[in-house]
Each structure stands twice: as structure tokens, then as C-alpha cells.
Amino acid sequence: MKKDKFIEILARRSVSLFLRRMLILACIGFCHLMFIWSGDILLLYAVSVIPMSFSYIAVVCLLFLKRPTWLTPLGLPGRMALTCYIMQSVIGAILFYGLGFGLGTTFGLITIELTAVIVFLFQIAVCKLWLHYFRFGPLEWIWRMLTYGRYFPISRSA
């Protein structure tokens, strides 16, 4: 299993690269907050992660030592976490807000929980299909190119 990209950046790259990556994430979070969903956490994460980064490294290193194989499909959305996070907001806006189906006031708690599970299972399938053909999720690819300031091929065949 590949190392977590966050750990890789902190361990092998300069602090300025990490700060640029968090600045880009903050910009994505700000746009998400302004235009898609007022409950965004990306902006908060981007500005608060720096002081927490060293404890995070220790915890993640421990978590990645052992992983049962049956959990592998659950890791697919993790490889496209930014794309999945924004995708969930778009799906939620379409389903629950008035600009889409407006179902937010008609669903009870059980129906909302079931919808969340269905959306997550859908995302696992989409991620599996996407990652079969591409190296990164679409937003992760853009984020990576903005961070490093150069083009990265996205296709697995490239």
C-alpha cells in the first residue's frame, strides 16, 4: 500500500510546498463554501491542519501498519477524497435543496441515513471505475498540478 500523500509531503517535501498545498485546498474550500454548501470543512481543515500535522503523522503511521483486505474497497473513495467530498455536496444539493428535487423536508432520519449509505456505495463504484483508467481523481489531479506547478498525466495509459 502506498503511503498517505500527506505524510509523503511532510516527510519528503519542503514546508513551502505543504503550505502551498494547504492554500490551494483553502481556496477550493472557500469556493465550495460560497457556491455549493455552507457546511464546508475544507477551508477549516486547510487553516487548522498545520499545528496538528505532527500528531497526525504518528496516528496515520500506526493505522497503515495493518489493514484487512476486505476493507480495500472502502479505501477507494479515500484515494479520491476531495472529489468525493465535493461530489457528495453536489448530490446532496440536487437531492435535498430546492434547486434539485427538494426532498430535504420530506425525508426522515432513516431515509437520510439510507441515502447516505447508497451515495457512499455509488461513490465506491465510481471510484473503482475511475481509478481503473486514471491515476488520480479529477480534483486531486488539479490540486496536484497547482501544488507542484507542472502538468501530471492523469491517464493510466500515459
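Everything that follows concerns the structure shown earlier in this document.
Here the structure is a predicted model, which means the values were calculated and not measured.

The rules behind these values
Residues numbered from 1 in each chain as written. Predicted model: local features only at pLDDT ≥ 70, side-chain atom pairs only at ≥ 80, totals over all residues. Heavy atoms only, no water. Axes fitted to C-alpha atoms, helices over the stretch in contact; angles between N-to-C directions. Helix = DSSP H or I, 4+ residues; strand = E, 2+ residues; numbered from the N terminus. Parallel < 35°, antiparallel > 145°, perpendicular 65-115°, else oblique. Left-handed = near helix turned anticlockwise from the far one by under 90°. Contact = heavy atoms within 4.5 Å. Nonpolar A, V, L, I, M, F, W, Y, C, P; charged D, E, K, R; others polar. Buried < 20%, exposed > 50% of the residue type's maximum accessible area, 1.4 Å probe, protein only. Phe/Tyr/Trp six-rings, centres within 6.5 Å; stacked < 30°, edge-to-face > 60°. Lys NZ or Arg CZ within 6 Å of the ring centre and 35° of its normal.

Break down the packing of helix 5 (residues 81-96) against helix 7 (residues 138-148) for me, citing the residues and quoting the values.
Running from N to C, helix 5 and helix 7 cross one another at 125°; their axes reach a closest spacing of 6 Å. In terms of orientation, helix 5 and helix 7 fall into the oblique class. Handedness of the crossing formed by helix 5 with helix 7: right-handed. Counting all contacts with helix 5, which are made through Ala-81, Leu-82, Thr-83 and Ile-86, the residues of helix 7 involved are Pro-138, Leu-139, Glu-140 and Trp-143. Across the contact of helix 5 with helix 7, the residue classes tally to six nonpolar, one polar and one charged.

Please give an account of helix 7 that cites residues and values.
Within helix 7 the residues assigned to the buried category are Glu-140, Trp-141, Trp-143, Arg-144, Met-145 and Thr-147. In the segment just after helix 7, Gly-149 is the residue with positive phi, at about 70°.

Explain the packing of aromatic side chains to me, and be specific about the residues and the numbers.
Under the criterion given, the structure shown has four aromatic pairs. Aromatic pair Phe-96 and Phe-107: ring centres 5.7 Å apart, planes at 85°, arrangement edge-to-face. On the criterion of sequence distance, the pair formed by Phe-96 in helix 5 and Phe-107 in the loop between helix 5 and helix 6 (109-133) is long-range, its members being 11 residues apart. Owing to a relative accessible area of 23%, Phe-96 belongs among the partly exposed residues under this scheme. The ring centre of Trp-143 lies 3.9 Å from the NZ or CZ of Arg-21, which sits over that ring. Its guanidinium or amino end placed over the ring of Phe-152, Arg-144 lies 5.6 Å from that ring's centre, counting from NZ or CZ.

Don't take any of this as a statement about function, it's just geometry.
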